[in-house]
Structure formats: C-alpha cells, structure tokens
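# Report on the structure
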Amino acid sequence: MTAPLSLNRNGHSLTTNVSSRNYRILFERLPVRRIILITLALVISYGVIVGTVATLQTGRYTTADWVNLFVAGVARGSVYAIIALGYTLVYGILFIINFAHGEVFMAGTFTTFFIASGLSSTGVLNQYPIPSLILLFLCSALVSMLVAVILERVAYRPLRGAPRLVPLITAIGASLFLQYTFRGFYGAQVNAYPNIDILQGTISLGGYNVQKSQILVTLGALLLWLALFFVIERTKLGRAMRAVGEDREIAALMGINVDRTIISTFAIGGALAGAAGILFVQLFNSVWFFMGFIPGIKAFTAAVLGGIGSITGAALGGLVLGILEAVGPILFLTGLGIPSPNQLQPIISFGILVLVLIFRPGGFLGAPEEKRA
Amino acid sequence: MSRLPRWARVGLLGGFIVIYLGAVGMLESFSARPIVTGVIQFSVVLIAVVYMSSGYLAARPGKDELESNPRRSAPLAGVVAGALVGVFVIAMTLLAEAGYNPRDMFIAINPALLDILTFGQSIWAGLVIEVVLGGVLGLAASYLYTSSPNTRSIVVTTLTTVVMVALAAPLFTVMFDGLGIPDSWLFQREGLTVIGAIVVATATAFLKWYLLKTGGARKAMLQVPKVTEKNINLTLWLAAGVVLTVLPWIVNTFISDVLGTVGLYILLGLGLNIVVGYAGLLDLGYVAFFAVGAYSIAVLTANTSFLVGGTVNAPAAEGFMNFWVALPITIVIAVIIGVLIGAPVLRLRGDYLAIVTLGFGEIIRTLVLSDWLKPYLGGPQGITQIPPPPLGPLNTRDPRILYYLILAFVVISFFIATRLKYSRVGRAWAAMREDEDVAEGMGISVVLYKILAFVMGAAVGCLGGAFFATKLSVANPGSFTLLVSINVLAVVVLGGMGSIPGVIVGSLVLVGLPELLREFGEFRLHIYGIILVAIMLLKPEGLIPDARRARELHHEDEEPITDVAHVAIAGGHE
C-alpha cells in the first residue's frame with residue numbers, strides 16, 4: 001500500500017506510462033492526501049494548544065474540578081476498556097469487527113435491570129449490597145455471554161472465509177436485530193437502574209472528594225482485566241486462543257479445536273461486556289434498548305486507540321479515551337469560546353477514532369500496519 | 001444437542017421462533033392485519049409458515065444422512081414445535097397465576113398473545129390445537145418436499161402471492177377506487193374476501209403453471225411471430241414509463257408522498273451503490289452527505305437562513321438564492337467535503353473505513369446539533385421554512401409534482417449509474433474491488449479511483465438531501481441519524497450490491513412497504529436487521545444480483561457458504 005504511493009510521489013509511477021492525459025498525471029503527483037493530512041494535523045494541534053492555554057488562563061476551574069473530571073474519566077475509561085476487550089479478543093482471533101458487541105453489553109445490563117429492581121423493591125439490594133452486586137454481575141455476564149455465543153453460532157460462524165464486507169454487514173444487521181429484539185421484549189422506555197445506598201456519596205482521597213461509585217467501577221474493571229490477562233497468558237484456553245489468532249489452520253493441525261476456541265472467545269468477551277454493564281450503570285444509571293450503541297462505538301475506539309488485538313492496548317486505550325472525553329471538551333474547547341462544550345464530546349471521541357486511524361492505524365501498541373487480508 | 005434427532009432439533013427451533021415472534025410483540029401487532037378477512041390473520045400465517053418450514057427442513061436429510069423419511073420426520077418436527085408453543089403458553093399462564101407475571105418483564109407476553117396462541121380456547125385445548133396444527137402443517141410440508149419441483153413452485157408462488165396481495169390490500173383499494181373499478185368483491189377491511197382469495201389463488205396458480213409449461217413469459221412471447229427480444233424490451237420500458245407517469249393520478253396524495261420518499265431512497269441507494277457496490281468501500285456515514293445536502297440547500301434558499309438575516313419569528317422577505325442556483329453549489333460543497341473526508345481515510349482497510357465514516361456521520365450530526373453552530377444551523381430545531389423548488393407555474397408543494405421532479409432526477413441518476421458501471425471508470429472500480437494490489441499493478445491509481453467513487457456517492461447523496469429538505473421544508477438534526485445510513489445500506493444490500501435494478505426493488509420493499517403497512521412500521525428496523533443478516537448468510541449477492549459481484553462473493557469459498565445455509569437454519573450440530 002505504502003510503496004506504490006511513494007512511487008507516485010517521485011514520479012516513477014507505473015500509471016505515468018499508461019495515462020497520457022496531463023491533468024491526471026498532475027493530480028496523481030500532487031500529494032493531495034499529504035497536504036490534507038498536514039493541514040489537519042496543524043489545525044488540530046493549534047486548536048488544542050490555544051484552547052488549553054486559554055482555558056487554563058481563565059482560571060474558571062480549580063484543581064479540584066480537574067481532579068474530579070480526571071477521576072470521572074478514569075472510571076468511565078475503565079468501563080470502555082472492559083467492553084473494548086470484547087472487540088479486541090474477537091478481532092485478535094477472527095479479524096472481524098463484532099459491530100454487535102455493544103448490543104451484547106446492553107443485553108445483560110437490560111435483563112439484570114429487572115432483577116435489580118426486584119431486589120431493590122424488596123429491600124434486599126440495600127440490605128445485602130455485596131451479595132446482590134455479585135448476583136447482578138453473574139446474571140449480567142451470563143446473559144451477555146449467551147447472546148454472544150448465539151451471535152457467533154448463528155451469524156458469524158457460517159461466514160468464516162467470506163469476503164470482509166460480508167461479516168461486517170451481518171454484524172450491523174445483528175446489531176439492529178438485537179436492539180429491536182430487546183425493545184420488543186422489555187419495551188422502549190428508559191428505565192432508572194436502582195441505586196445502591198452504600199455506593200452513593202464521596203470519600204476523601206488524598207485531599208480530594210471522590211465518588212464512591214467511581215472507585216468501585218475502577219477497581220472492578222481492574223479485577224476483570226487482571227482475570228482476563230491471567231486467562232490469556234496462563235491457561236491452556238488462552239494459549240489456544242493466541243494460537244488460533246496466529247494461524248487457524250496450523251492451530252487446528254496442532255490439535256486445537258478451533259470452533260470451540262472461537263466460541264470461547266466470544267463467550268469470554270460477552271461475559272466481560274455483561275459485567276462491564278453492571279459497572280456502567282453505577283456511573284450512568286439509565287438502561288434502555290439503545291444504551292449499548294454509543295458505549296460500543298466508544299469501546300471500539302478505545303480498542304483501536306490502544307492497538308486492536310492487544311489486551312494491554314484495550315486497557316490503555318480505554319483509559320486515554322475516558323480521560324480525554326471527560327477532560328477534553330472543557331479543557332480544549334472552553335478556551336476557544338465555544339458555548340456548551342460538553343455537547344461536542346462525541347466529536348472528541350469520534351475525532352480521536354478518525355485521527356488514530358488516519359495517523360496510526362495500529363494504535364499505541366499495535367503494529368503500524370495490521371495484517372491485511 | 002447432538003443426541004437429539006434432526007426432527008426434534010428443527011422442531012424445537014421452530015417452536016422457539018414462534019415464541020420469539022410472540023415475545024417481541026410481532027404476533028400481537030400482526031393479528032390486527034387480516035389476510036382473508038374474518039378467516040385468517042397475518043399472525044396465524046406467520047405461525048403456519050414457521051411450522052411448515054420446520055417440517056420442510058426436517059424432511060430434508062441431515063448432514064450425515066444419505067436419505068430421510070419425510071412422512072415421519074416432518075410431522076414430528078411440526079408436533080414438537082407446536083408442543084413447545086403450547087407448553088410455553090401453559091407455563092406462562094401458570095406463572096402468572098402463581099403471582100409472577102411474566103408481563104412485568106416481557107411486555108409482549110400478555111393475555112392477548114396467549115389468546116392468539118391458544119386460538120381463544122383454554123390453555124389445554126390450546127396445546128392440543130398447536131400440536132395438531134404443527135403435525136398437519138408438517139405433514140403438508142412433507143408432501144411439498146416429495147412433490148415435483150414444478151408443483152412445489154406453483155404451490156409456494158400461489159400462497160405467497162395471496163399473502164402479498166392481501167397485505168397490499170389498502171394500496172390496491174386506493175388504486176381501484178382511483179380508477180373507478182369496483183373492488184368490494186375482492187377486498188374487505190384491509191384483507192381479501194374468501195372469494196377474492198380463491199380468485200387470486202386460482203389466477204396465480206394458472207399463470208404459474210402456464211409459465212412453467214411454456215418456459216417463462218419471455219420465451220412464451222418470443223414464440224409469437226414477429227416478436228423479437230428487442231421489441232419486448234422496448235415494450236417493457238414503455239410500459240414502465242407509462243405506469244410511472246400516470247401513477248400519482250390513480251393513487252391518493254398520501255401514496256404519492258410515499259412514492260416520493262421511495263424515489264429519494266432510490267436516489268440515495270444509487271449513490272451509495274457507487275461507493276459500496278461498484279468500488280467496494282463500505283460507507284456507514286452516508287448520512288453525512290445527505291445532511292450536507294439538506295443543510296446547504298436550507299442555508300442557501302430558506303428565508304430564515306442567517307445568510308439573509310432571517311429568524312424563525314422574523315423571516316426575511318426571501319431566501320439567499322433560488323433552488324436551481326443553489327443545487328449546483330450544494331453539489332460542489334458535497335464534492336469538496338467528500339474529498340476532504342475521503343482523501344485521508346480512503347487508504348484504510350474496508351472495515352476500518354466503515355467505522356471511520358460512521359464516526360464522520362456522527363461528528364456532522366453533533367455539529368449541527370450543537371449550540372456552537374446554532375446561529376448558523378439552528379441547533380436542534382434546524383432550519384425551517386425552506387421554500388419548494390420553483391418550477392414555473394407548478395406548485396411543487398403538491399406531492400404529485402414533487403414526485404415527477406424526484407422521478408426526473410432518479411432517471412438521470414439511473415442513466416449515469418448505468419453508463420458509469422460499464423465505463424472505463426466502472427471497470428477500474430471493479431478491478432480495484434476484486435484485488436487492490438493487482439489493480440494498482442495494472443496501472444489503476446487506487447486512491448484516485450476511491451476518491452472518485454466516494455465523491456460521486458457524496459454528490460448523489462447530497463442531491464437526495466437537498467430534495468429531502470425541500471420536501472419536508474425543514475432540515476433538522478433528527479432526520480440525519482445513523483439509521484438513515486443503515487436504511488440506505490439495507491436497500492443496497494437487499495437488492496444486491498452493484499445491481500441497479502436491485503436498488504429500485506430494495507427501496508420499494510424496504511421503504512415503500514413499511515409506509516403502507518402501518519403494523520410493520522413498528523418493526524421496520526427489526527425486520528431490516530433480520531434482512532441484513534439473512535441476506536448475508538443465505539444470498540450475499542442480493543435479490544437481483546449483479547453477475548460479476550455474485551461471482552466474487554461465491555468464488556472464494558463455495559463450500560462454507562452453501563454449508564452455512566443448512567447449519568444456520570437447522571440450528572446446533574455436532
């Protein structure tokens with residue numbers, strides 16, 4: 001991909017001999033892409049630097065404000081990181097983007113809403129918060145796992161080896177299908193997930209007041225991540241998963257059951273997404289059928305940012321994205337005199353996605369150019 | 001799973017599908033739509049189709065079997081499916097009686113649904129009815145399986161046509177009223193009458209039988225002296241032209257309006273088809289160009305636009321410029337934005353490109369929604385009071401006139417898309433789509449051609465957006481969600497990527513039908529999801545495949561894809 005283009009720029013392109021018309025040669029020699037990229041990079045760096053300096057100069061926000069934003073970003077980023085693991089695992093092994101992963105996340109979370117509200121109305125939730133939370137985690141993980149496994153079985157397995165666009169379009173269809181299935185099941189309204197009293201309020205940490213729920217979310221995510229890391233690096237299943245990702249045929253020759261390994265990958269990714277859902281509702285406590293879409297895209301961004309296929313990358317990408325999302329709009333945009341900067345938060349997330357893919361498609365920890373198929 | 005015989009697995013799957021259809025609320029909604037008024041509703045037809053499909057699948061030999069025993073396995077599968085449904089109804093009723101109402105969680109599992117599944121009888125009688133129904137339909141399916149292909153084709157076509165005609169009853173009623181043909185003998189309250197059903201069935205069966213006997217309509221006509229291939233084509237084109245011209249005058253304004261919407265989607269579909277079908281670039285942010293077109297036309301022509309200093313409450317005397325002057329400018333804007341977005345990202349691999357374009361779509365939507373650009377683009381309210389395109393003395397607010405306008409642009413785009421496909425450029429795209437590296441080696445500048453495809457798609461999408469805005473006389477962010485991109489994608493995929501007639505069929509089916517069948521409106525996106533998955537699994541080249549594209553989609557692994565069809569339908573194995 002890179003080589004022929006650089007040839008173009010030096011004027012030794014193969015196309016020069018073929019095309020006789022001058023304007024085409026001119027257009028091909030003109031590094032349009034490079035000009036646009038450099039301009040883009042300059043404009044964005046300029047905006048970010050000027051915005052940051054100007055915001056800090058106004059002194060409207062205290063250090064405590066920034067710390068709060070930062071911690072909120074870390075908590076949110078940890079959830080993204082856990083969802084991102086699902087994308088990364090599947091991509092690492094099948095090289096497809098499981099576009100419906102956000103809906104897998106929604107499925108578990110939405111379903112456990114009914115258990116949580118049952119527990120809450122009987123008072124069990126606040127009486128025994130920790131067993132209740134564990135129960136919710138398990139249920140959510142189980143439902144999401146089930147959905148992920150069915151998804152793999154019905155939608156993706158038949159398409160192994162099909163041209164790339166085919167599984168992607170299937171995934172988009174599956175995403176719509178799951179959203180509207182759960183809308184049909186549970187209704188279209190937005191539900192408030194019941195709060196757990198002991199997680200409300202703040203505690204003092206190093207002189208700053210930090211929300212308890214944010215600490216729980218961050219720690220929970222860390223535990224989940226460590227568990228996954230252990231599974232991938234230290235167990236037989238993890239080794240099988242890495243082997244299948246490396247080369248499916250050879251792995252099969254080595255006696256690995258490829259189908260079972262792939263379905264386990266989906267199951268693990270799904271279970272993590274379901275568990276992440278319970279963390280998610282501690283931060284944003286509304287559940288409805290469309291709740292998975294935006295976190296799904298953001299988690300995908302996190303996975304790409306860290307280097308898709310890499311588990312450490314997903315964690316890193318999630319944290320960076322979460323922090324940039326929480327701090328970014330206010331830090332970069334207030335100084336530029338843009339009203340209600342938080343409205344533009346999606347631009348920061350999607351902007352990061354676009355920029356990473358343009359400038360470094362491999363992400364932080366990935367190879368500069370991923371395997372092409 | 002593997003211990004269960006095939007008929008049991010297929011039967012259970014069928015039962016689960018019926019329960020699923022009930023739990024998402026489809027059966028309840030569709031029970032309001034009669035097929036044969038007073039005799040059978042669409043919900044019952046759906047259940048019957050599931051039972052018959054189970055039976056039919058069970059009749060086929062399994063993967064490891066050489067032959068099957070259809071008379072035994074098909075009814076058994078139907079019975080299993082019916083029994084599962086019956087047991088489900090009993091379980092739900094008992095649960096509700098025990099104080100755990102399933103309705104608290106699954107809103108659609110309510111008495112109305114249970115009533116549909118028991119056919120209004122008690123739960124135990126309901127179980128018996130379901131089992132018998134499943135068995136009988138399974139047996140019918142086994143006869144269908146063992147019959148000759150011609151008989152099978154006649155039966156299936158006849159039944160499908162009756163259901164289709166019945167579903168489209170409101171449309172036919174309007175058209176017959178418009179033409180002054182009495183139709184009360186055929187249709188009654190949105191469904192067919194018993195006599196109507198018999199007439200439609202007999203006519204279809206006879207026609208299908210005749211066509212099968214003579215080897216297709218075209219062949220039959222060619223046997224008439226002096227009729228040539230060319231004459232037939234010409235006649236077909238002329239007929240299509242006449243129908244399209246008189247159509248708005250025999251239907252009411254509502255249907256003309258729907259036709260306008262279908263036309264818009266054909267326009268958008270033709271544009272996206274260039275990007276996805278010809279060049280093989282999956283663009284999920286197509287709505288971005290749609291929005292650019294709508295907003296550009298709004299800003300340039302509305303008298304509330306900031307360009308003329310108007311506001312919603314105090315609009316200026318007139319817009320900045322005339323629609324017909326604004327249209328080329330809008331297209332130029334779209335082209336520029338297309339190049340700006342396209343040039344940096346088009347080197348990305350297919351699936352990354354899809355996500356990046358999706359990101360761009362969301363960025364544009366966030367921008368138009370924001371307070372930041374509110375003074376220019378109106379924030380959440382958008383820009384209102386966009387004037388209709390001036391067209392001499394004609395009132396272009398009338399959906400019928402607008403229909404002709406959109407039709408004209410559809411015809412132009414159709415012509416361009418067809419010519420483009422077989423041009424040098426079109427062949428370059430095809431080469432690039434099949435193998436980028438080889439295409440590059442053959443002297444095709446991949447980046448240039450990708451940008452070209454992207455920009456052409458952008459221009460057509462923008463044209464669609466401009467008409468959309470003038471049609472609604474308002475451009476607001478609510479109209480430019482990701483779902484628009486997915487709708488258009490579904491249109492292209494259903495018809496067949498790269499196929500121009502496919503786009504037209506796709507729009508009619510996916511955009512036209514749901515507008516007319518209000519019970520389907522609620523499940524529109526649900527059904528889109530099912531269609532996208534089903535098409536990709538079973539027929540990735542679409543309903544009306546483009547020959548070259550079909551070969552591409554099948555050449556790599558013929559085996560897995562055919563194999564898939566079994567597995568996906570049959571459910572679990574080994």
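What chain A contains, in helices and strands, is 16 helices and four strands. Here chain A holds 373 residues, and the buried ones make up 49% of them. Of all intrachain contacts in chain A linking residues separated by at least 6 positions in sequence, the fraction that spans at least 24 positions is 77%.

Another aspect to go through is the overall build of chain B. What chain B contains, in helices and strands, is 26 helices and four strands. Taking 25 Å as the expected radius of gyration for a compact globule of 574 residues, we find that chain B reaches 27 Å, a close match to that expectation. Oriented by its inertia axes, the alpha-carbon framework of chain B measures out at about 75 × 60 × 55 Å. Across the 574 residues of chain B, 47% fall into the buried class. Intrachain contacts of chain B at a sequence separation of at least 6 include 74% that bridge at least 24 residues.

Packing of helix α16 (residues 345–359) of chain A against helix α15 (residues 350–369) of chain B brings their axes to within 9 Å, and their N-to-C directions diverge by 150°. With respect to α15(B), the axis of α16(A) lies roughly antiparallel. For the pair α16(A) and α15(B), the sense of crossing is left-handed. Of the residues in α15(B), those touching α16(A) at A:P346, A:I347, A:F350, A:G351, A:L353, A:V354 and A:L357 are B:Y352, B:I355, B:V356, B:G359, B:F360, B:E362, B:I363, B:T366 and B:L367.

Another point: the interface of chain A and chain B. Opposite the 56 residues of chain A that make contact, chain B presents 57 residues. Looking at the side of chain A that touches chain B, the elements with two or more residues in it are α1 (2–10), α2 (14–18), α3 (22–29), α4 (32–58), α8 (129–156), α9 (165–186) and α16 of chain A. Counting residues per element, the side of chain A that touches chain B draws most heavily on α9(A), which supplies 15 residues. Partitioning the side of chain A that touches chain B into residue classes produces 41 nonpolar, 10 polar and five charged.

With that settled, the discussion passes to helix α15 (residues 311–333) of chain A. All names here are of chain A. Between the first and last C-alpha of α15 there are 32 Å, a value that for 23 residues agrees with the 33 Å anticipated at 1.5 Å per step. Along its length, α15 reaches its greatest deviation from straightness, about 50°, at V327, and the proline P329 lies no more than four positions downstream. Taken across its 23 residues, α15 has 18 buried, putting it largely inside the fold.

Turning our attention to the confidence of the model for chain A. Caution is warranted with low-pLDDT regions, since their predicted coordinates should not be read in detail. Residues and elements named next belong to chain A. On average, residues of chain A score 81 in pLDDT, and 89% of them are at 70 or above. In this model residues 1–19 is a low-confidence stretch, pLDDT under 50, and it forms 21 contacts with partners more than four residues away in sequence or in other chains. Contacts from residues 368–373, a stretch scored under 50 in pLDDT, to residues over four places away or in other chains number 10 contacts.

Quick look at unusual backbone geometry now. One non-glycine residue, A:F95, lies in positive phi territory at about 60°. By secondary structure assignment, the location of A:F95 is in the loop between α5 (63–94) and α6 (101–121). Of note, B:F119 is a non-glycine position whose phi angle comes to about 55°, a positive value. Within the secondary structure layout, B:F119 lies in the loop between α5 (111–118) and α6 (123–146). Look at B:F119 and you get exposed, because 12 C-beta atoms sit within 10 Å.

All names here are of chain A. Sheet topology places strand β2 (residues 202–205) next to strand β3 (residues 208–211); four bridges connect them, and they run antiparallel. If you follow I203 over to β3, its bridge partner there is V210. Remark: two residues form the turn of the hairpin made by β2 and β3, two consecutive strands paired antiparallel; G206 in that turn has positive phi of roughly 60°.

Residues A:A81, A:I82 and B:A453 are the most contacted members of the largest nonpolar core, which totals 283 residues. The element best represented in this core is helix α20 (residues 446–472) of chain B, accounting for 18 residues. The contacts of B:A453, once residues within four sequence positions are left out, are B:I274, B:V275, B:Y278, B:A279, B:L281 and B:W429.

Let's shift gears to helix α13 (residues 286–301) of chain B. Between its first and last C-alpha, α13(B) extends 23 Å over 16 residues, near the 22 Å set by a 1.5 Å rise per residue. Most of α13(B) is tucked away: 16 of the 16 residues are buried.

Attention now goes to the packing of helix α10 (residues 212–234) of chain A against helix α13 (residues 258–283) of chain A. Residues and elements named next belong to chain A. Packing of α10 against α13 leaves a shortest axis separation of 9 Å and a crossing angle of 170°. In terms of their interaxial angle, α10 and α13 are classed as roughly antiparallel. From α10, S213, L216, V217, G220, A221, L224, L228 and V231 reach across to α13, where they touch I268, L272, A275, L279, Q282 and L283.

To continue, consider the environment of B:V199. Tracing the backbone shows B:V199 in helix α9 (residues 194–214). In sequence terms B:V199 and B:V162 are 37 residues apart; their C-alpha atoms lie 9.4 Å from each other.

Turning next to the environment of B:F467. Residues and elements named next belong to chain B. Relative to the elements of secondary structure, F467 occurs in helix α20. Taking the C-alpha atoms as reference points, F467 and T261, 206 residues apart in sequence, are found 9.8 Å from one another. For F467, the contacting residues outside a window of four places in its chain are L264 and I406.

For the rest of this paragraph, the subject is the confidence of the model for chain B. All names here are of chain B. Looking at chain B as a whole, the pLDDT averages 81, with 93% of positions reaching at least 70. Considering only residues more than four positions removed or in separate chains, one finds that residues 557–574, a stretch of pLDDT under 50, has 27 contacts. Note on the complex model: pTM 0.85, ipTM 0.84.

Rules of the game
Residues numbered from 1 in each chain as written. Chains lettered and ligands numbered in written order. Predicted model: local features only at pLDDT ≥ 70, side-chain atom pairs only at ≥ 80, totals over all residues. Helix = DSSP H or I, 4+ residues; strand = E, 2+ residues; numbered from the N terminus. Buried ≥ 20, exposed ≤ 12 C-beta atoms within 10 Å, placed from the backbone. Contact = placed C-beta atoms within 7 Å. Rg over C-alpha atoms; globule rule 2.2 N^0.38 Å. Axes fitted to C-alpha atoms, helices over the stretch in contact; angles between N-to-C directions. Parallel < 35°, antiparallel > 145°, perpendicular 65-115°, else oblique. Left-handed = near helix turned anticlockwise from the far one by under 90°. Nonpolar A, V, L, I, M, F, W, Y, C, P; charged D, E, K, R; others polar. Expected span 1.5 Å × (residues − 1). Bend = angle between axes of the 7 residues up to and from the residue. pLDDT = per-residue confidence, 0-100. Pairing = 2+ DSSP bridges. Core = buried A, V, L, I, M, F, W, Y, C linked by C-beta atoms within 7 Å.

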